[in-house]
Amino acid sequence: MDKQRWSEIRALFDAAAELPLPERNALLGRERNRDPSLVAEVDALLAADASTQAPWDSLDRAAPDLLGNLAAAEDAGESDRYIGTRLGAWCIRRVIGRGGMGAVFLAERDDGAYRLDAALKMIRGDIPAAEIAARFASERQILAGLDHPNIARLLDGGTDRNTPYLVIEYVDGQPITTHCDAAQLGISQRLRLFQAVCSAVEHAHQRLVVHRDLKPGNILVDTAGHVKLLDFGIAKLLDPGAGQQQTSTGVRLFTPEYAAPEQLRGDVITTAVDVHALGVLLFELLTGARPWNSNAATPLAIERAILDDDPERPSSIVTTRRSAAGEEARRAAARGLDAPQLQRALRGDMDAIVSKALRKDPAERYATVADLREDVERHLERRPVHARRGNRRYRIQRFLTRHALASALATLTLVSLVVGLSFAVWQGREAARERDIARAEVAKSRAVLEFMGGLFKMADPEEARGRTVSAEELLERGAARIRVELKDQPAARTELLAALGNAHAGLGLYEQSLPMLDEAAALARTSGDMDAIIATELIRAETLQALGRFTEVVDALTPLREGAVKLDRTAALRRAEVDLRLAMAQQSLGDHAAAEHSYRDALATRQRLLGSGHRETHNVTFRYVALLTLRDRLVEARALAERAVADIEGSASEQDPLRADAYASLAMVLSNFDEGDADGEGERLRRRALAIFERAYGADHPKTVGARNDLASVLFGQKRYAEALTMFEAVVLARRAKFGPDHPSVATASNNLAFCHLQLGNPGAALAFAEDAYRIRLSKYGPDHANTAMSAQALGTTELELGRFADAQRHLRGAISGFDAALGSDNSTVLGSLSNLTRALIADGTADPGCANARRGFALAKAGEPGESTNQVYQRGLLGACMLRNGDRKRGRELLTVAAQRLPVIVGAQDIAARRLVALQRQLVLEGDDP
């Protein structure tokens with residue numbers, strides 16, 4: 001029978017099999033007039049289908065997954081009624097899934113022997129007892145014979161109150177394809193997981209079990225990254241005495257998209273059907289799509305494609321289906337490689353392996369799953385795969401890939417005999433090039449060692465003639481020696497200049513560090529060595545960040561982010577470092593959305609490759625927590641910070657600076673909640689961090705000074721303004737001495753000092769610091785940055801307190817505009833500027849139509865703080881004052897009077913906000929200034 005004839009028979013059979021008997025007869029009657037022989041073939045298939053159903057085959061039609069994708073064919077109430085009941089030693093907790101056969105529950109062992117979660121499988125109560133018994137006896141027999149780490153184990157089973165049940169290992173995980181995409185695994189990592197699946201299937205085949213429904217939904221990866229094969233519910237035992245391993249399908253017991261042609265035709269089933277399903281799975285893991293024509297969207301079209309069409313090659317899917325497969329193909333192309341790179345990675349070996357597994361004739365596929373697994377292993381080890389039956393050139397290429405250096409130095413004669421004299425000459429040139437590279441590396445290493453030996457010799461007391469040589473002096477003298485002694489060795493000079501520049505930065509000597517790093521980066525670019533370019537630019541970016549030159553960081557690192565895209569672990573970690581440094585600069589420039597994207601990429605890569613508890617992973621977490629805090633996502637930030645503290649306290653020493661970073665991260669979040677640091681936990685954390693930094697780095701190091709600034713901020717939040725003032729003054733002096741007068745960190749400390757003077761009622765003392773901070777930030781960031789807006793607020797508030805109302809209004813409006821541009825119009829950070837602008841307008845007698853600023857402030861306070869908060873009372877009072885000034889005397893007087901009476905009770909009569917509100921009440925109501 002040719003393919004066209006079989007397709008016509010198959011289509012009519014599928015259409016008729018689904019119809020009630022009267023409609024089926026009508027359909028076949030119409031077709032019989034057109035082609036009697038076609039209908040005769042279909043009649044024979046329908047009769048065979050009806051006669052070959054085993055007593056419990058109707059159960060297999062549902063083919064439910066054990067832990068997912070169960071069709072909701074059963075009423076939920078029927079299975080929900082079992083929750084809380086017991087079967088044997090198991091207490092049913094909740095429904096995992098439902099299907100036409102019954103339900104799967106999460107159950108807990110409840111007999112006191114031990115505690116264990118498991119998946120409990122129960123048949124629907126209206127299915128005849130004989131079918132239940134046959135079904136469960138078969139599945140239990142299959143599962144009992146399987147003992148493999150990648151197969152969900154049978155734990156228990158029996159009958160309780162005439163209800164048969166199976167208890168199977170519970171797997172908390174995702175389908176293998178979902179896991180691979182979510183974790184952005186590379187090709188080799190996906191192949192390792194696939195090998196684990198093959199190992200499980202191979203174990204089943206050795207025990208004469210064919211799974212027959214291998215698909216992602218039946219192959220989960222748990223939270224520890226282990227593969228678990230599920231649901232042998234439609235598997236069949238092979239007959240060991242039949243001469244070959246085979247069984248009959250009986251009926252359609254499979255998922256068509258992953259079925260082999262012989263399953264669709266109803267032929268004899270062998271272990272080859274699982275080989276075919278594994279081929280489909282491998283294709284999907286590699287490309288994100290399936291091997292059959294993407295236009296095959298309906299079940300019938302899919303079956304016809306499997307039966308009639310040749311499967312596509314994995315490497316072709318990347319380009320030919322980018323538009324047809326849409327998001328699936330784009331995801332496949334985004335797994336660490338662009339489309340051309342992915343195509344090259346799949347072309348050849350993987351095309352051959354998948355094609356062999358998907359052959360239509362079972363005899364042409366891999367004879368066993370073990371053979372398929374071995375070919376994947378050979379590919380990973382760069383050995384020739386059996387599926388390619390590679391020619392001599394292919395085998396030589398594979399050998400040279402595995403033994404590149406040995407081949408270059410020891411097998412030139414053999415290669416020349418195989419591929420000719422021209423190849424031998426080429427290989428000789430390659431060997432010479434490799435030899436030159438090796439010699440250059442040796443020379444560079446020797447030069448570096450000799451230089452470092454001489455550098456340390458400078459610190460020898462005898463060499464220094466009793467004088468103590470400081471680390472700063474040692475580095476300066478070393479930098480001078482590099483340029484003279486290594487003039488003719490650019491590679492060694494690049495490496496040492498980068499190292500010394502980094503050492504200067506470690507001492508806080510950023511201005512001295514940058515020229516060395518600029519020179520190292522220029523040398524690296526001249527060499528064309530991408531590893532050296534990225535390494536030097538990352539060190540240089542750290543120094544530029546410390547100097548507040550954020551745009552230069554973005555300009556330098558953005559091109560390298562794409563240049564760092566490779567599959568290997570080292571390159572992925574290098575890209576994560578680029579993402580981290582890029583995120584820090586983006587955050588400093590106020591581009592918070594871009595910064596969050598970069599932080600997430602860096603964090604995901606380090607978690608995947610280094611683990612969540614690694615120091616480098618924590619360093620990204622701390623930065624990300626700071627960004628979340630800035631964006632008012634405090635609950636999310638607190639959860640991340642608390643997890644980091646718990647992990648680090650369990651692993652790091654008491655004096656480890658990583659502890660200080662973790663404490664500082666959590667303290668920052670706690671201080672930003674509405675209640676501030678009411679219980680003093682933030683202060684305790686800040687003091688512990690400061691003590692660790694002082695011991696590790698000394699009192700004048702930038703990290704120690706930064707920790708002192710952070711502690712002063714906590715004291716400020718606790719209204720201990722005099723203590724905070726003294727500490728802020730020390731920070732300003734230390735930063736000016738270290739970085740000069742125009743550094744952004746100086747602006748931060750000056751701004752803090754200005755606010756502190758304002759709270760203490762000293763606007764005259766605050767003015768110089770507020771002006772200085774605003775000048776620095778405006779020049780560094782521009783007007784539409786949150787930091788510039790904060791300094792504009794400080795300056796405008798100071799001018800308001802000094803009675804300079806026009807200047808105050810100008811700077812406060814600029815602050816509002818800057819906050820809105822940087823953080824969005826719904827940000828709560830703008831509240832202070834809105835409040836003070838309202839006060840400035842009232843004081844100056846300037847109309848504010850509709851009290852727009854006061855109403856916006858009150859709305860933001862209500863939206864952000866449930867219940868009656870201090871902010872709400874204050875904003876309500878300001879709104880009343882504005883309304884009173886605008887002529888709404890009755891309502892305005894009421895709002896202002898109530899707020900002015902209530903706020904001192906809440907925050908104390910000496911609080912500056914309470915004093916300001918009482919002053920407004922006295923001005924507008926008590927002193928008769930009511931319009």
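Reading guide: rules and limits
Residues numbered from 1 in each chain as written. Predicted model: local features only at pLDDT ≥ 70, side-chain atom pairs only at ≥ 80, totals over all residues. Heavy atoms only, no water. Buried < 20%, exposed > 50% of the residue type's maximum accessible area, 1.4 Å probe, protein only. Helix = DSSP H or I, 4+ residues; strand = E, 2+ residues; numbered from the N terminus. Expected span 1.5 Å × (residues − 1). Contact = heavy atoms within 4.5 Å. Polar contact = N/O pair within 3.5 Å; in protein donor to acceptor, adjacent residues only side chain to side chain. Salt bridge = Lys/Arg side-chain N within 4 Å of Asp/Glu carboxyl O. Phe/Tyr/Trp six-rings, centres within 6.5 Å; stacked < 30°, edge-to-face > 60°. Lys NZ or Arg CZ within 6 Å of the ring centre and 35° of its normal. Pairing = 2+ DSSP bridges. Axes fitted to C-alpha atoms, helices over the stretch in contact; angles between N-to-C directions. Parallel < 35°, antiparallel > 145°, perpendicular 65-115°, else oblique. Left-handed = near helix turned anticlockwise from the far one by under 90°. Nonpolar A, V, L, I, M, F, W, Y, C, P; charged D, E, K, R; others polar.

Draft legend 1. Local environment of helix α15 (residues 349-357). Counting buried positions along α15 gives eight out of nine residues, so the element sits mostly inside the fold. Among the residues making up α15, those that are buried are D349, M350, D351, A352, I353, V354, K356 and A357.

Draft legend 2. Representation of helix α30 (residues 657-671). Here α30 contains 15 residues, and its C-alpha end-to-end distance of 21 Å stays within 8% of the 21 Å for a straight helix at 1.5 Å per residue. The buried fraction of α30 is high, at 12 of 15 residues. Among all positions of α30, only L658, R659, A660, D661, A662, Y663, A664, S665, L666, A667, V669 and L670 are buried. Close packing links the buried residues of α30 with α28 (615-630), α29 (634-649), α31 (681-697) and α32 (702-717). You can read the cap of α30 off the contacts: a side-chain oxygen lies 2.9 Å from the backbone nitrogen of L658, and it is on D656.

Draft legend 3. View of the pattern of salt bridges. All told, the structure shown has 46 salt bridges when counted by the stated rule. Residue D351 is joined to R313 by a salt bridge in which the shortest nitrogen-to-oxygen separation is 3.3 Å. Placement of D351 in helix α15 and of R313 in the loop between α11 (299-308) and α12 (314-320) is noted, with a sequence separation of 38 residues between them. Assessed through its relative accessible area of 6%, D351 is described here as buried. R313 sits in the partly exposed class, given a relative accessible area of 42%. The salt bridge involving R686 is made with D710; its shortest N-O contact spans 3.2 Å. Of this pair, R686 sits in helix α31 while D710 sits in helix α32, and the two are 24 residues apart along the sequence. A single network of salt bridges, built from pairs that share partners, joins E542, E577, R581, R606 and E616.

Draft legend 4. How the structure looks around the environment of H757. Within the secondary structure layout, H757 lies in helix α34 (residues 744-759). In the structure, H757 is positioned 35 residues away from A722 in sequence and 8.9 Å away in space, judged by C-alpha atoms. What H757 contacts, discounting residues up to four positions off in sequence, is L725, E729, N762, A765, A766 and F769.

Draft legend 5. Structural context of the packing of aromatic side chains. Using the criterion set out here, one finds four aromatic pairs in the structure. Measuring from ring centre to ring centre gives 6.0 Å for Y82 and F105, while their planes differ by 70°; the resulting arrangement is edge-to-face. Placement of Y82 in the loop between α5 (76-80) and β1 (86-87) and of F105 in strand β3 (residues 102-109) is noted, with a sequence separation of 23 residues between them. Side by side, Y82 and F105 carry an identical accessibility label, which is buried. Seen in terms of ring centroids, Y599 and Y624 are 6.3 Å apart; in terms of plane orientation they differ by 40°. Their pairing is tilted. In this pair, Y599 sits in helix α27 (residues 592-610) while Y624 sits in helix α28, placing the two residues 25 residues apart along the sequence. Y599 gets classed as buried once you look at its relative accessible area, which sits at 1%. With a relative accessible area of 3%, Y624 lands in the buried category. The ring of Y366 has K356 lying over it, and the distance from NZ or CZ to the ring centre is 5.4 Å.

Draft legend 6. Main features of the pairing of strand β9 (residues 219-222). Covered by surrounding structure in β9 are I219 and V221 together with L220 and D222, the residues of both alternating faces. Looking at chain direction, strand β7 (residues 173-175) and β9 are connected through three bridges and run antiparallel. Counterpart to Q174 in the pairing with β9 is V221. With three bridges connecting them, β9 and strand β10 (residues 227-229) associate as antiparallel partners. Within β10, the residue paired with V221 across the bridge is V227. In sequence, β9 turns back onto β10 through a hairpin of four residues, with G225 there showing a positive phi of about 85°.

Draft legend 7. Summary view of the pairing of strand β6 (residues 163-169). With seven of its seven residues buried, β6 lies for the most part within the structure. Pairing between strand β5 (residues 154-160) and β6: six bridges, direction antiparallel. When the sheet's bridge partners are listed, T159 is paired in β6 with P164. Counted between consecutive antiparallel strands, the loop separating β5 from β6 contains two residues, among which R161 sits at a positive phi close to 55°.

Draft legend 8. Spotlight on the packing of helix α40 (residues 870-886) against helix α41 (residues 889-907). In contact at an axis separation of 7 Å, α40 and α41 are set at 150° when each is read in the N-to-C sense. Classified by the interaxial angle, the pair formed by α40 and α41 is roughly antiparallel. Between α40 and α41 lies a crossing of left-handed hand. Of the residues in α41, those in contact with T870, V873, Y874, R876, G877, G880, A881, M883 and L884 of α40 are R889, R891, G892, R893, L895, L896, A899, R902, L903, I906 and V907. Looking at side-chain class alone, the contact of α40 with α41 contains 11 nonpolar, four polar and five charged residues.

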